[in-house]
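A closer look at the structure
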Amino acid sequence: MPNKQLGFHHNMDLCIGCKACQMACKNEYELEAEVNWRRVYPYRENPANPERNFLSVACNHCENPECARVCPVGAYTKREDGIVVQNHEKCIGCRLCTMACPYGAARYSPKHRKASKCELCKDRLDQNLDPACVAACPMGALKLVDLATFDSPTAVRSVPGFPDSDITNPSIRFTPPVAGRQYRRDA
Amino acid sequence: MEWLSLTLFTVLSEAAIGLVLVWWLLGFSGAAVTKVTAYTRLGRTILLSSGLLTGLSMLISLEHLGWPFSSPRVLMGLGHSWLSWEVVLTGIFAVGALALWWLGRSGNISRMISGLLVLVGLGAAFTSGMVWSMPSVPANAGGFPVLLFLATTLAVGAVLLLALFAFTADGKALAPEMAGALSLLALGATLLAGALALGFAGAAAHGSPEARHQATAMTSSGLHMARLLAGLLLPAALLGYLARQPKRSALSALPAVLLVAGEIAGRFLFFSTMTFTAVGG
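Each helix and strand in chain B was counted, giving 10 helices and zero strands. Each helix and strand of chain B, placed in order from N terminus to C terminus, yields the pattern α-α-α-α-α-α-α-α-α-α. Computed over the C-alpha atoms, the radius of gyration of chain B is 19 Å, within 12% of the 19 Å expected from 2.2 N^0.38 for a compact globule of 281 residues. Considered along the principal axes of its C-alpha atoms, chain B spans approximately 65 × 45 × 25 Å. Here the contacts in chain B between residues at least 6 apart in sequence split such that 79% fall between residues at least 24 apart.

Further remarks concern unusual backbone geometry. Across the chain, the bulk of peptide bonds are trans and the bulk of non-glycine residues have phi less than zero. Residues and elements named next belong to chain A. With phi around 65 degrees, Lys19 is a residue other than glycine that occupies positive phi space. Within the secondary structure, Lys19 is located in the loop between strand 1 (6-11) and helix 1 (20-29). The exposure class of Lys19 is partly exposed, given the 17 C-beta atoms found within 10 Å.

On the side of chain B, 23 residues touch chain A, which itself brings 27 residues to the contact. Grouping the amino acids of the side of chain A that touches chain B by side-chain chemistry returns 18 nonpolar, four polar and five charged.

Below, the discussion takes up the packing of helix 1 (residues 4-26) of chain B against helix 5 (residues 111-131) of chain B. For any two helices packed against each other, the geometry is given by the interaxial angle and the distance between the axes. Residue and element names in this part refer to chain B. Closest axis-to-axis distance for the helix 1/helix 5 pair is 9 Å, and the angle between their directions is 150 degrees. At the point where helix 1 passes helix 5, the crossing takes the left-handed sense. Facing helix 1, whose interface residues are Thr10, Ser13, Glu14, Ile17, Val20, Leu21 and Trp24, helix 5 presents Ser114, Gly115, Leu117, Val118, Gly121, Leu122, Ala124, Ala125 and Ser128. A class-by-class count of the residues in the contact of helix 1 with helix 5 yields nine nonpolar, six polar and one charged.

Quick look at the sheet that holds strand 8 (residues 142-146) of chain A now. Residue and element names in this part refer to chain A. A sheet is described by the order of its strands in space; here three strands give the open sequence 8-1-9, paired in mixed fashion. Edge positions in the sheet fall to strand 8 and strand 9 (172-175), since each of these pairs with one other strand and no more. This sheet shows a mean twist of 25 degrees between the axes of neighbouring strands, independent of strand direction. Bridge count for strand 1 against strand 8 is five bridges, and the pairing is antiparallel. The residue bridging His10 from the neighbouring strand is Leu142, located in strand 8.

Ranked by size, the top nonpolar core spans 143 residues in total, and within it Val20(B) and Ala158(B) carry the most contacts. Ranked by residue count, the leading element in this core is helix 6 (residues 144-167) of chain B, at 17 residues.

Helical geometry note: an α-helix holds 3.6 residues per turn, so side chains three or four residues apart project in the same direction. Helix length check: helix 1 of chain B (23 residues) gives 33 Å between terminal C-alpha atoms against 33 Å at 1.5 Å per residue, within 8%. Burial analysis of helix 1 of chain B places 19 of its 23 residues in the buried class, the great majority of the element.

Time to look at the environment of Ser71(B). Examined against the element boundaries, Ser71(B) turns out to sit in the loop between helix 3 (36-61) and helix 4 (82-103). Assessed through the 18 C-beta atoms surrounding it within 10 Å, Ser71(B) is described here as partly exposed. Along the primary structure Ser71(B) and Trp23(B) are separated by 48 residues, whereas in three dimensions their C-alpha atoms are 31 Å apart. Non-local contacts of Ser71(B), meaning those with residues more than four positions away in its chain, are made with Ile92(A), Leu62(B), Leu65(B) and Gly66(B).

Residues and elements named next belong to chain B. Across the interface, helix 1 lies against helix 10 (residues 253-272) with an axial gap of 9 Å and an inter-helix angle of 135 degrees. Judged by the angle between their axes, helix 1 and helix 10 are oblique. For the pair helix 1 and helix 10, the sense of crossing is right-handed. In this structure, helix 1 contributes Leu4, Leu6, Thr7, Thr10, Val11 and Ala15 to the contact, and helix 10 contributes Val260, Glu263, Ile264, Arg267, Phe268 and Phe271. Each residue belonging to the contact of helix 1 with helix 10 can be placed in one class, and the counts come to eight nonpolar, two polar and two charged.

The next point concerns helix 8 (residues 209-219) of chain B. Residue and element names in this part refer to chain B. All buried positions along helix 8 are accounted for by Glu210, Ala211, Gln214, Ala215 and Met218. End-on view of helix 8: buried residues confined to an arc of 140 degrees, all on one side of the axis. Buried residues along helix 8 sit in contact with helix 7 (169-205), helix 9 (222-243) and helix 10.

Basis of the calculations
Residues numbered from 1 in each chain as written. Chains lettered and ligands numbered in written order. Predicted model: local features only at pLDDT ≥ 70, side-chain atom pairs only at ≥ 80, totals over all residues. Helix = DSSP H or I, 4+ residues; strand = E, 2+ residues; numbered from the N terminus. Rg over C-alpha atoms; globule rule 2.2 N^0.38 Å. Contact = placed C-beta atoms within 7 Å. Buried ≥ 20, exposed ≤ 12 C-beta atoms within 10 Å, placed from the backbone. Nonpolar A, V, L, I, M, F, W, Y, C, P; charged D, E, K, R; others polar. Axes fitted to C-alpha atoms, helices over the stretch in contact; angles between N-to-C directions. Left-handed = near helix turned anticlockwise from the far one by under 90°. Pairing = 2+ DSSP bridges. Core = buried A, V, L, I, M, F, W, Y, C linked by C-beta atoms within 7 Å. Expected span 1.5 Å × (residues − 1). Parallel < 35°, antiparallel > 145°, perpendicular 65-115°, else oblique. Arc of directions from axis to C-beta.

Rendered as structure tokens:
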């Protein structure tokens, strides 16, 4: 693990699937209709509360990013703080990054004929602001964390339905949902 | 038709590489030594055709790669990207084939330099396969695309050369001694391509959920069956028949037409059914 590795912690137990994170990202960067850097998925794999659990996923700023490995123009670089950034000017629209990322983080824009992805709101971080998605979450389910120091007893590297973490070692941690209790009134 | 330009780029460039490869391999036969003029003149025809075909395939690839003025930037990824190597080696092959055609005006084509050109071409086909051997496509992760692409290179190259034996004067001059052996080589390569196509689908059908999905998408497509029957079995049967025929006829071109069409269909299917890992399956 490097000295610093910024990433996300998604507390699935708190997430209500409102997609505020997805919309905040879209608004912040004025993304086109078909491009979403962050996406909220219904979590149907082994859910604690069927139809009430969600996964919110953007770029995972992997330790070994596949996007950087396959990009023929070297548009992707990993910064010292672990953020994987893309030089949008370099992109030639070959789409290889969108196919190579196991999490589908890089998205292709048919309008601009280029790919793009979440850069963890690096400009907001420079202003000591949280990423737009983190700031927008009404439940506090999404947090920016430094994995070099992050320590939570409930956090795990992966959950069922999330692609194999061994491919790229993604910088995301999850707190899985806890099954709700059922209370019944006595007859 | 998102994958069409990529399909045409890969199949056409592999056809061009295969043509030079098989012509070069036939240079080891006795007929190439005894009929050196016809062999060299046919070589020039092949080098010119291959250079132009590869150039055409690269032009087609600009539709999805750099459109077109940003495409030279692919040179920046040579340190880490298979795609950069694919483009560079394919480009060197195209220029090399044309240069060798030009140098061959004297009636002599260096075996060593044409051998190097073959190596560059095979390198291009290899890197092309490696581009698609990515962990995010579990069915492809084992390196199967490399074998598929190399098999296409050999099979299509052999049947195209067989067609040239029927339609060019130099080919006709070489045909009596070489056509039978070439038909058998083409038959073997076609059967190999078919076996690999079936092996690929079979291995995917026993893999991860994404690989199984890809196998189902592939095998349930009408293109899959059409390719197996009309693009592999029928040309294989024709090649078997041609191997026994001493005379060359226009029929020699039919396996080439069928196999190239079949490989285009198969490659389109390969790309369009790729199933990627995804959050939530």
